Each structure stands twice: as structure tokens, then as C-alpha cells.
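Residue-level structure breakdown
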Amino acid sequence: MYGKYKNVETVKPGGLELKDRLVGVQRVTKVTKGGRAFGFSAIVVVGDEKGVVGHGLGKSKEVATAIAKAIEDAKKNLVRIPLSKGTLPHEQKGKYGGARVYIQPASHGTGVIAGGAVRAVLESVGVQDVLSKSQGSSNPHNVVKATFDALLQLRDARTVAAQRGIALEKVFKG
């Protein structure tokens with residue numbers, strides 16, 4: 001699922017205290033010869049608020065089972081996101097479908113300035129101070145995936161130093 005990203009650390013759900021956040025529930029209608037058949041799809045974000053997060057989609061005839069399936073799917077897709085002092089290491093843009101998301105680190109005390117689906121993902125990761133802007137499509141499925149696209153591209157200073165083959169101090173001083 002995360003094949004196109006470098007240095008993505010997948011995480012097993014065992015031993016983690018995961019909290020789930022419901023991003024959205026949609027009612028889906030299928031017209032058949034006997035009338036309308038209703039179903040539900042739910043998108044959920046789970047995270048331990050310490051840098052581990054995942055998202056999942058569940059579909060069912062009942063809302064409760066759709067949410068339960070979404071939570072199980074989210075637990076299968078957990079990844080570790082680098083954080084620094086309650087915010088992000090650097091600014092980043094993410095894109096998925098028609099949705100574009102811009103996230104930027106903020107100073108201590110700013111809080112999570114984000115709307116809807118972006119807020120759910122960032123709070124599940126454990127970011128306390130961040131600025132964000134969601135542009136283009138407001139479809140929650142695509143906004144969540146665009147936010148994950150941005151988060152998975154984040155690199156902390158140690159990773160940058162290792163990739164460039166230089167000392168950690170040289171990353172900051174040039």
C-alpha cells in the first residue's frame with residue numbers, strides 16, 4: 001500500500017493503545033428490480049497519538065459493522081510518522097485524486113489548525129501544533145489519503161543525514 005514511499009516504517013498493532021476516530025459515514029444506494037438496497041461505507045483513522053497512524057474503509061448493510069470493518073482495516077495499515085516536539089519536522093504538500101493538502105509545523109501553543117478529515121488524521125498521529133490547508137476536493141476519502149501522502153513524505157533530521165551520508169550538525173549548518 002505504501003510502496004512508492006521511501007523509508008516508511010509499518011507497525012504491528014499489538015501492544016499499542018490505539019484510539020479510533022470516525023471521519024465519515026456515507027449511505028450508498030443500489031437500485032435493484034425489487035427497489036432500493038441501502039448500504040453504508042465508513043472511513044476511520046486509528047492512532048496512538050505518539051506517531052503511529054493508519055486509515056481504513058469498511059462497507060456493510062449496517063453502520064456499526066461498517067465502522068468495525070473500517071477499524072480492522074485501519075489496524076492493518078499502521079505506519080510510523082516522524083514528529084519533533086509535538087509538531088512536524090518540516091512543511092509538506094500531499095495529493096491524492098482531486099484533493100490537495102498542505103501541512104506546516106507551528107510554534108508551541110498554536111494547536112491543530114485543520115478542518116474535518118485532516119484534523120482527524122493529525123490528531124491521531126499526535127501532532128499538537130500544526131497549520132494546514134485543504135484545497136481542491138473535499139471528499140473525505142481523498143482528503144485522508146492526501147494527508148497520508150504528505151505525512152509519509154516527512155523526514156526527520158537523522159533520516160536526512162543518513163540519506164545524504166553527512167553528520168547531523170551539517171544538515172542544519174550547511
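It should be emphasised that the depicted structure is a prediction, and the values quoted were computed from it without experimental measurement. (Residues numbered from 1 in each chain as written. Predicted model: local features only at pLDDT ≥ 70, side-chain atom pairs only at ≥ 80, totals over all residues. Heavy atoms only, no water.)

1. Here's the deal with a nonpolar patch on the surface
Together, Leu22, Val25 and Val63 line one region of the surface with nonpolar side chains, adding up to about 210 Å² of accessible area. You can see Leu22 is positioned in strand β2 (residues 19-32). Leu22 gets classed as partly exposed once you look at its relative accessible area, which sits at 45%. (Patch = residues over 30% accessible without salt bridge, like charges linked within 9 Å, V, L, I, M, F, W, Y side chains within 5 Å. Areas by Shrake-Rupley, 256 points an atom, 1.4 Å probe, with all protein chains shown as cover. Salt bridge = Lys/Arg side-chain N within 4 Å of Asp/Glu carboxyl O. Helix = DSSP H or I, 4+ residues; strand = E, 2+ residues; numbered from the N terminus. Buried < 20%, exposed > 50% of the residue type's maximum accessible area, 1.4 Å probe, protein only.)

2. A closer look at the side chain of Ser41
Its location among the elements puts Ser41 in strand β3 (residues 35-47). Judged by its relative accessible area of 8%, Ser41 falls in the buried class.

3. Overview of the environment of Gly54
With respect to the element layout, Gly54 can be found in strand β4 (residues 52-60). Given the relative accessible area of 0%, Gly54 is considered buried. Aside from chain neighbours lying at most four places away, what touches Gly54 is Val44, Val45, Val46, Ala74, Asn77, Leu78 and Phe148. (Contact = heavy atoms within 4.5 Å.)

4. So, the domain arrangement of the chain
Per the domain assignment, the segments making up the chain are domain 1 (9-79) and domain 2 (83-164). For domain 1 and domain 2, the distance between their C-alpha centroids amounts to 20 Å. With 18 residues of domain 1 at the contact, the number on the domain 2 side is 14 residues. For the pair domain 1 and domain 2, the two sides together bury roughly 1,200 Å², of which 75% comes from carbon and sulfur. Between domain 1 and domain 2 we count 1 salt bridge in total. (Domains from an automatic or database assignment. Buried area = accessible area lost by both parts, 1.4 Å probe.)

5. Quick notes on the packing of helix α2 (residues 116-125) against helix α3 (residues 140-152)
For the pair α2 and α3, interaxial distance at closest approach is 8 Å and the crossing angle is 40°. The angle between α2 and α3 falls in the class oblique. As for the relative orientation of α2 and α3, their crossing is right-handed in sense. Here Ala117, Val118, Val121, Leu122 and Val125 of α2 lie close against α3, whose contacting residues are Pro140, Val143, Val144, Thr147, Phe148 and Leu151. (Axes fitted to C-alpha atoms, helices over the stretch in contact; angles between N-to-C directions. Parallel < 35°, antiparallel > 145°, perpendicular 65-115°, else oblique. Left-handed = near helix turned anticlockwise from the far one by under 90°.)

6. Observations regarding the sheet that holds strand β6 (residues 92-96)
Taking strand neighbours across the sheet as the criterion, the 4 strands line up as β6-β7-β9-β8 in an open arrangement whose pairing is mixed. At either margin of the open sheet sits one strand with a lone partner, and together these are β6 and β8 (112-113). Summarising the sheet, β8 and strand β9 (residues 130-136) pair through 2 bridges and their orientation is parallel. The partner of Ile113 across the bridge, within β9, is Leu131. (Pairing = 2+ DSSP bridges.)

7. Thoughts on the sheet that holds β3
What the 5 strands build is an open sheet, ordered β1-β5-β4-β3-β2; its pairing is antiparallel. The sheet is open, and its two borders are formed by β1 (9-10) and β2, each paired with just one other strand. Where β1 meets strand β5 (residues 79-80), 2 bridges bridge the pair, whose relative direction is antiparallel. Residue pairing across strands places Glu9 opposite Arg80, the latter belonging to β5. Docked against the sheet, α3 engages β2, β3, β4 and β5, running at close to 160° with respect to β4.

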